[in-house]
Amino acid sequence: MFSLNNNVELRRVTISSLITCIYLPSIITVISYKGLLYSVGNASSCYVLFLIFVAELMKSFYLNSNNGLQNKRKTSKTTASDIAKATIFLIAAMFSFFIGIILFGAPVLEYHEETLMLSTVLTLLTLFPLIAHTGVESAVQLLFGVRSFSRDTIIAMLVNNALLTVCGAWFGAVVIPLDWNTPWQKWPIPCYLGAIGGYLISNVLTVTKVTMMSATAKYPIFKLGISIINRLHISK
């Protein structure tokens, strides 16, 4: 459960999630209007990945801002080796996603470009925000449950986003084998859009949860809605 005692954390979480709720639907709307929605799994859609990267990087700057002298000292100590370590880890994670997706049934001898695009978007939406906020070591510990994060609203949001992104990609695969013969069933469009949808849903749930928490004093019935959202989110 997010704490109402830390107004700064809650404001950052809410604004960050609201930004996501604006920029992701905007990207999908524009590429859909331009007739490019069915090409998101190809290398020609790298601009979508670039836009997501820039947006998430800007969000990480905001989430790491206003932490006082301690944060400034930490930022000043960031070296090229830290950036190189994070880059190597993200590349390794991307290829780990690539192999994992194939093991879960993706085409082995074809569509390697499409599978790589899906791996990249998963990496950008799951690991990249965590690494940008906490660093490589902490990100790994958080994802594997080695480190506790229940009292940190920002980290709770980032971990929730990562897990719902993977779940979205997983559920997106359900429509691929169906005999509908529609263009958006082509690999990996459903999983690609499912990952983005899962990430977006997680951010919508976060905004809804914080809003309900703020209103529970006046409207106790919102506690029921919060309990439902808590079942969807991993941090209680």
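A short tour of the structure in this document, coming up. (Residues numbered from 1 in each chain as written. Predicted model: local features only at pLDDT ≥ 70, side-chain atom pairs only at ≥ 80, totals over all residues. Heavy atoms only, no water.)

1. Concerning the packing of aromatic side chains
Heads up, the condition is: Two aromatic rings, drawn from Phe, Tyr or Trp (for Trp, its six-membered ring), form a pair once their centres lie within 6.5 Å of each other, and the interplanar angle then sorts them: stacked below 30 degrees, edge-to-face above 60, tilted otherwise. Only DSSP runs of H or I reaching four residues or more are called helices, and only runs of E reaching two or more are called strands; each is numbered from the N terminus. For every residue, the accessible area obtained with a 1.4 Å probe (protein chains only) is divided by the maximum for its type, and the residue is called buried under 20%, exposed over 50%, and partly exposed between those limits.
Within the structure shown, the criterion is met by two aromatic pairs. Ring centres 5.1 Å apart and planes at 40° place the aromatic pair Phe 53 and Phe 128 in the tilted group. Linking Phe 53 in helix H2 (residues 46-63) with Phe 128 in helix H5 (residues 112-134), this pair joins segments that are 75 residues apart in sequence. Given a relative accessible area of 9%, Phe 128 falls into the buried group. Seen in terms of ring centroids, Phe 104 and Trp 170 are 5.5 Å apart; in terms of plane orientation they differ by 85°. Their pairing is edge-to-face. With a gap of 66 residues between them, Phe 104 in the loop between helix H4 (80-103) and H5 and Trp 170 in helix H7 (residues 153-172) connect regions that are remote in the sequence. With respect to burial, Phe 104 and Trp 170 carry one shared label: exposed.

2. Let's talk about the packing of H5 against helix H6 (residues 136-143)
Operational definition: Only the stretch in contact is used when fitting a helix axis, every axis being a line fitted to C-alpha atoms; angles between N-to-C directions are given from 0 to 180 degrees. Angle categories are assigned with fixed cut-offs, so that under 35 degrees is roughly parallel, over 145 is roughly antiparallel, 65 to 115 is roughly perpendicular, and the rest are oblique. Left-handed describes a crossing whose near helix is turned anticlockwise from the far helix through less than a right angle; right-handed describes the clockwise counterpart. Two residues qualify as a contact provided that any one of their heavy atoms is within 4.5 Å of a heavy atom in the partner residue. Polar here means any residue other than Ala, Val, Leu, Ile, Met, Phe, Trp, Tyr, Cys and Pro, which are nonpolar, and Asp, Glu, Lys and Arg, which are charged; Gly is therefore polar.
Viewed as axis vectors pointing N to C, H5 and H6 meet at an angle of 125°, and their least axial separation amounts to 7 Å. Judged on the interaxial angle alone, H6 and H5 are oblique. Between H5 and H6 lies a crossing whose hand is right-handed. Residues Leu 127, Leu 130, Ile 131 and Thr 134 of H5 lie in contact with H6, whose contacting residues are Val 136, Ser 138, Ala 139, Leu 142 and Leu 143. Here the residues of the contact of H5 with H6 sort into seven nonpolar, two polar and no charged.

3. A word on helix H1 (residues 7-33)
Quick reminder of the rule: Expected span of a helix, by definition, is 1.5 Å for each gap between consecutive residues, and there is one gap fewer than residues.
Counted at 1.5 Å a residue, the expected span for H1 with its 27 residues is 39 Å, and the 39 Å between its end C-alpha atoms agrees. Three or more residues of H1 are buried, namely Glu 9, Leu 10, Arg 12, Val 13, Thr 14, Ser 16, Ser 17, Thr 20, Tyr 23, Leu 24, Ile 27 and Ile 31. Positioned one or two residues after H1, Gly 35 has a phi angle of 75°, which is positive.

4. Looking at the nonpolar core
Here is the rule we go by: What makes a nonpolar core is a set of buried Ala, Val, Leu, Ile, Met, Phe, Trp, Tyr and Cys residues whose side-chain atoms join them at distances within 4.5 Å.
Counting residues in each nonpolar core, the largest one holds 45 residues, and the members touching the most others are Tyr 23, Ile 52, Leu 118, Val 121, Ile 131 and Tyr 192. Those residues within four positions of Ile 131 in sequence are excluded, and the remaining contacts are Ala 86, Phe 89, Leu 90, Val 136 and Ala 139.

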